[in-house]
Amino acid sequence: MLKKNEITRRLYNYILDQVLGKNVKDVRIGLGYVAVALDDKYTGLAAVIRQDLGSHCNILSKAGTLSGTPASDLLNYLENGRNPLERALGLATANAILSAEAPQNESDAFALMNLSSKDHVVMIGLFRPLIPRIEQSGAKLTVLEKQKNKVLPYVVSFKSRGDLLRTCSVAIITATSILNNTLEKILNDLEKPRWVSILGPSTPVCTDIFAGTPVTHLGGSVVLDREKVMQIVSEGG
């Protein structure tokens with residue numbers, strides 16, 4: 001049974017020695033993502049959960065001072081961030097460090113699942129591009145979101161999940177669950193699915209921190225063109 005925030009603690013401890021001596025070169029905070037570029041060639045991403053930030057001022061008290069600081073200062077937000085934005089900066093810093101050892105080859109996450117009509121897929125967080133391919137496979141699909149969607153009948157609220165996670169054969173989990181502190185609850189609810197993917201640019205590509213969990217696949221991102229990614233994040237992409 002995973003404890004609350006256990007995955008982030010594992011990640012923090014895994015990264016801690018590797019981050020020493022590295023500094024932050026640049027930080028961009030956009031509408032969809034944050035990007036942290038280190039003083040080596042590596043850059044990491046994490047999602048911005050805007051709806052959880054509120055409308056008050058001073059969301060990030062150290063804004064204007066982050067570039068040039070030790071990367072360990074931003075990594076500290078991973079465990080001690082006061083809000084999802086600070087935690088996103090910590091996760092993006094961790095992802096920048098991890099990208100040095102991450103696989104550089106692309107793979108099709110959907111193809112790896114090898115879905116059939118016998119499968120029941122539970123998707124935590126709506127990945128719209130995957131929906132048509134899941135439907136074409138004949139698999140049953142249920143999407144868990146914060147709120148029920150009246151337009152999409154297969155979307156139900158997370159609070160109404162019942163036994164869906166315990167009975168599914170495939171689970172696709174958004175990596176933003178790391179930032180809103182729901183990942184451990186999701187993993188604990190899973191019974192014995194044959195396939196569990198964590199997907200999205202926020203995903204820390206580090207199998208060690210998921211040891212002893214049902215996770216079988218990590219679908220993260222590696223930044224290959226730093227300047228272009230920083231521009232896209234800055235322009236709200």
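Residues numbered from 1 in each chain as written. Predicted model: local features only at pLDDT ≥ 70, side-chain atom pairs only at ≥ 80, totals over all residues. Heavy atoms only, no water.

Focus on the sheet that holds strand E9 (residues 217-219)
Turning to step 1, where the next piece is worked out: As summarised here, the arrangement of the 6 strands in space is E6-E5-E4-E7-E8-E9, forming an open sheet in which the pairing is parallel. Only two strands of the sheet have a single partner each, and these edge strands are strand E6 (155-157) and E9. For this sheet, the mean angle separating the axes of adjacent strands, direction not counted, is 20°.
Turning to step 2, where the next piece is worked out: Looking at chain direction, strand E4 (residues 120-124) and strand E5 (residues 140-145) are connected through 5 bridges and run parallel. Directly across from Met123, in E5, lies its bridge partner Val143. (Pairing = 2+ DSSP bridges. Helix = DSSP H or I, 4+ residues; strand = E, 2+ residues; numbered from the N terminus. Axes fitted to C-alpha atoms, helices over the stretch in contact; angles between N-to-C directions.)

Looking at the sheet that holds strand E3 (residues 43-47)
Turning to step 1, where the next piece is worked out: Pairing within the open sheet is antiparallel, and its 3 strands lie in the order E1-E2-E3. The sheet is open, and its two edges are formed by strand E1 (24-29) and E3, each paired on a single side. Ignoring strand direction, the axes of neighbouring strands in this sheet form an average angle of 15°.
Turning to step 2, where the next piece is worked out: One ladder, built from 5 bridges, connects strand E2 (residues 33-38) with E3; its direction is antiparallel. For Ala35, the partnering residue across the bridge sits in E3 and is Leu45.

Focus: the environment of Lys22
Turning to step 1, where the next piece is worked out: Its place among the elements puts Lys22 in the loop between helix H1 (6-19) and E1.
Turning to step 2, where the next piece is worked out: With 126 residues separating them along the chain, Lys22 and Lys148 place their C-alpha atoms 44 Å apart.
Turning to step 3, where the next piece is worked out: Of the polar contacts made by the side chain of Lys22, one reaches the side chain of Asp40; its length is 3.1 Å. (Polar contact = N/O pair within 3.5 Å; in protein donor to acceptor, adjacent residues only side chain to side chain.)

Points about H1
Turning to step 1, where the next piece is worked out: Counted at 1.5 Å a residue, the expected span for H1 with its 14 residues is 20 Å, and the 20 Å between its end C-alpha atoms agrees.
Turning to step 2, where the next piece is worked out: All of the buried residues along H1 are Glu6, Ile7, Thr8, Leu11, Tyr12, Ile15 and Val19.
Turning to step 3, where the next piece is worked out: Taken together, the buried residues of H1 touch helix H2 (71-75), helix H3 (77-80), helix H4 (84-98) and helix H8 (183-189). (Expected span 1.5 Å × (residues − 1). Buried < 20%, exposed > 50% of the residue type's maximum accessible area, 1.4 Å probe, protein only. Contact = heavy atoms within 4.5 Å.)

With respect to H4
Turning to step 1, where the next piece is worked out: Compared with the 21 Å implied by 1.5 Å per residue over 15 residues, the 20 Å span of H4 between its first and last C-alpha is a close match.
Turning to step 2, where the next piece is worked out: By the criterion of burial, H4 is predominantly enclosed, with 15 of the 15 residues buried.
Turning to step 3, where the next piece is worked out: For H4, the capping residue at the N-terminal end is Asn83, with a side-chain oxygen 3.0 Å from the backbone nitrogen of Leu85.

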